[in-house]
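Per-entry structural report
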Amino acid sequence: MITRLDPQSARARAIALLRDRRRSILGVTGSPGAGKSTYAEGLVRDLAAVGHRVALVPMDGFHLAHSALVAQRLVSIKGAPETFDAGGYVDLLRRLREPDGETVWAPRFDRDLEDAIAASLPVHDDVRLIVTEGNYLLLDQGPWARVRPLLDECWYLELDHAVRRERLLARHIRHGRPAADALARTDGSDEANARLIATTRYRADAILAVPA
C-alpha cells in the first residue's frame, strides 16, 4: 500500500532524507497543473530557511528547444515524453548523485519564453538534498525508465481534476496564450499527458494530496 502524506508529514520525511550521510534525491511528480513546481519550490524554500542545504532541479529544464520541436513537427504535443531530452536528464541525475567537489549547473525552463535556458541553476557541492520535479519521473518507458532508480524517494501529487484543469488553463493564459489556444492545449495534449502520468501513480513511494 502506498503511504499517504499531508504537508507536515511530507516535510518530516524530507528532513529524514537530509539526515542521510550521502546526498539524497527526492522526486515530486504528478499531472500538469497539479502544483508540482509550487510545492517543490515551497519545500526547498522552507528547508533552506532553517539551515538545510537543499537545491531544486526541475525536469522541465530538459524541454527540447522550441526550434527543435518545430524542426521535428512536435510543437502540437509539446510537453509529451518525446519532447524532452530524457537521456540528458538521466545523465544530470547520475552526476548529482555523486558530488565531486564542483558546482553543477542545471538548466531551467522559462515559461514566459517557452524555452529552456542552459546552465541556469547552480547545485553546490555541499547540498545534501536535491528536489527534482516533473511529469515523467515514474514513467517506465524508454530512457525515462532510468529515472526512478536514481531517486531515493518519489512522491505523487494529487489534486482534484476540475481544480487542476482550471489552474492549468489559467496558467496558459497568464503566460500569453489566447484563451482559445489555452483551452485547446488544456483539453488536448495536456489531458493526454495527464492520463499517461496517472498510469505511473502506483510506482510512487507516497501520495501527497495538494489542498485545493
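The text that follows walks through the structure, step by step, so that each part is easy to find. Since the model is a prediction, treat every value here as computed from it, not as a measurement.

The rules behind each value
Residues numbered from 1 in each chain as written. Predicted model: local features only at pLDDT ≥ 70, side-chain atom pairs only at ≥ 80, totals over all residues. Heavy atoms only, no water. Helix = DSSP H or I, 4+ residues; strand = E, 2+ residues; numbered from the N terminus. Buried < 20%, exposed > 50% of the residue type's maximum accessible area, 1.4 Å probe, protein only. Contact = heavy atoms within 4.5 Å. Areas by Shrake-Rupley, 256 points an atom, 1.4 Å probe, with all protein chains shown as cover. Lys, Arg positive; Asp, Glu negative; His and termini not counted. Charge placed at Lys NZ, Arg CZ, Asp CG, Glu CD. Phe/Tyr/Trp six-rings, centres within 6.5 Å; stacked < 30°, edge-to-face > 60°. Salt bridge = Lys/Arg side-chain N within 4 Å of Asp/Glu carboxyl O. Core = buried A, V, L, I, M, F, W, Y, C linked by side-chain atoms within 4.5 Å. Axes fitted to C-alpha atoms, helices over the stretch in contact; angles between N-to-C directions. Parallel < 35°, antiparallel > 145°, perpendicular 65-115°, else oblique. Left-handed = near helix turned anticlockwise from the far one by under 90°. Pairing = 2+ DSSP bridges.

**Section: the overall build of the protein**
- Tallying secondary structure elements over the protein gives 7 helices and 8 strands in all.
- Referenced to the eigenvectors of the C-alpha coordinate spread, the extents of the protein come out at roughly 50 × 35 × 30 Å.
- Out of the 212 residues belonging to the protein, those deemed buried represent 47%.
- A fraction of 74% describes how many contacts in the protein between residues 6 or more apart in sequence connect residues 24 or more apart.
- Looking at the protein as shown, the accessible area adds up to about 10,300 Å², and 52% of this sits on carbon and sulfur atoms.
- Measuring between centres, the 30 positive side-chain charges of the protein sit 2 Å from its 29 negative side-chain charges.

**Description of helix H7 (residues 189–198)**
- Regarding H7, the residues found buried are Ser-189, Asp-190, Glu-191, Asn-193, Ala-194 and Ile-197.
- Taken together, the buried residues of H7 touch strand E7 (153–158), helix H5 (161–174) and helix H6 (179–187).

**What about the packing of aromatic side chains?**
- Counted by the stated rule, this structure contains 5 aromatic pairs.
- Taken together, a centroid distance of 5.6 Å and an interplanar angle of 55° make the contact between Phe-62 and Tyr-89 tilted. Residue Phe-62 is located in the loop between strand E3 (54–56) and helix H3 (66–71), and its partner Tyr-89 is located in helix H4 (residues 86–97); the two are separated by 27 residues in the primary sequence.
- By relative accessible area, which is 10% here, Phe-62 ends up buried.

**A few points about the side chain of Arg-185**
- Residue placement: Arg-185 occurs in helix H6.
- A residue is classified by how much of its surface remains accessible, and Arg-185, at 15% relative accessible area, is buried.
- Those residues in contact with Arg-185 that lie beyond four places of it in its chain are Lys-78, His-172, Arg-177 and Asp-190.

**Overview of the pattern of salt bridges**
- Tallying each qualifying case throughout the model produces 16 salt bridges.
- With a shortest N-O distance of 3.5 Å, Asp-60 and Arg-111 are connected by a salt bridge. Here Arg-111 lies in the loop between strand E4 (104–110) and strand E5 (115–123) and Asp-60 lies in the loop between E3 and H3, a separation of 51 residues in the sequence.
- As a salt-bridge pair, Asp-91 and Arg-94 come within 3.8 Å of each other at their nearest N and O atoms. Here Arg-94 and Asp-91 lie together in helix H4, a separation of 3 residues that amounts to about one turn.
- Assessed through its relative accessible area of 48%, Asp-91 is described here as partly exposed.
- Under the relative-accessibility criterion, Arg-94 is labelled partly exposed at 42%.
- Several salt bridges share partner residues, and in doing so they unite Arg-4, Glu-158 and Arg-201 into one network.

**Description of the nonpolar core**
- Counting 31 residues, the largest nonpolar core has Tyr-89, Leu-96, Val-123, Ile-130, Trp-144 and Val-147 as the members making the most contacts within it.
- Sorting the residues of this core by element identifies H4, E4, E5 and E7 as the ones contributing at least two each.
- Among the elements that line this core, the one with the most residues is H4, at 6 residues.
- Once residues lying within four places of it in the same chain are set aside, the contact partners of Val-123 are Arg-23, Ala-55, Val-57, Leu-96, Glu-102, Thr-103, Val-104 and Ile-130.
- Counting residues in hydrophobic clusters, the runner-up holds 23 residues, among them Leu-26, Ala-40, Leu-129 and Val-131.

**Comments concerning the packing of H5 against H7**
- At a minimum axis separation of 12 Å, H5 and H7 run at an interaxial angle of 140°. Put simply, H5 runs oblique to H7. The two elements H5 and H7 meet at a crossing, and its hand is right-handed. Contact residues: H5 offers His-161, Arg-164, Leu-168 and His-172, while H7 offers Asp-190, Glu-191 and Ala-194.

**Some remarks on the pairing of strand E2 (residues 24–29)**
- Along E2, 6 of the 6 residues are buried, which leaves the element largely enclosed by surrounding structure.
- Here E2 shows no split at all, with Ser-24, Leu-26 and Val-28 on one side and Ile-25, Gly-27 and Thr-29 on the other all buried.
- With 5 bridges joining them, E2 and strand E6 (residues 129–133) adopt parallel strand pairing. Paired with Leu-26 across the bridge in E6 is Val-131.

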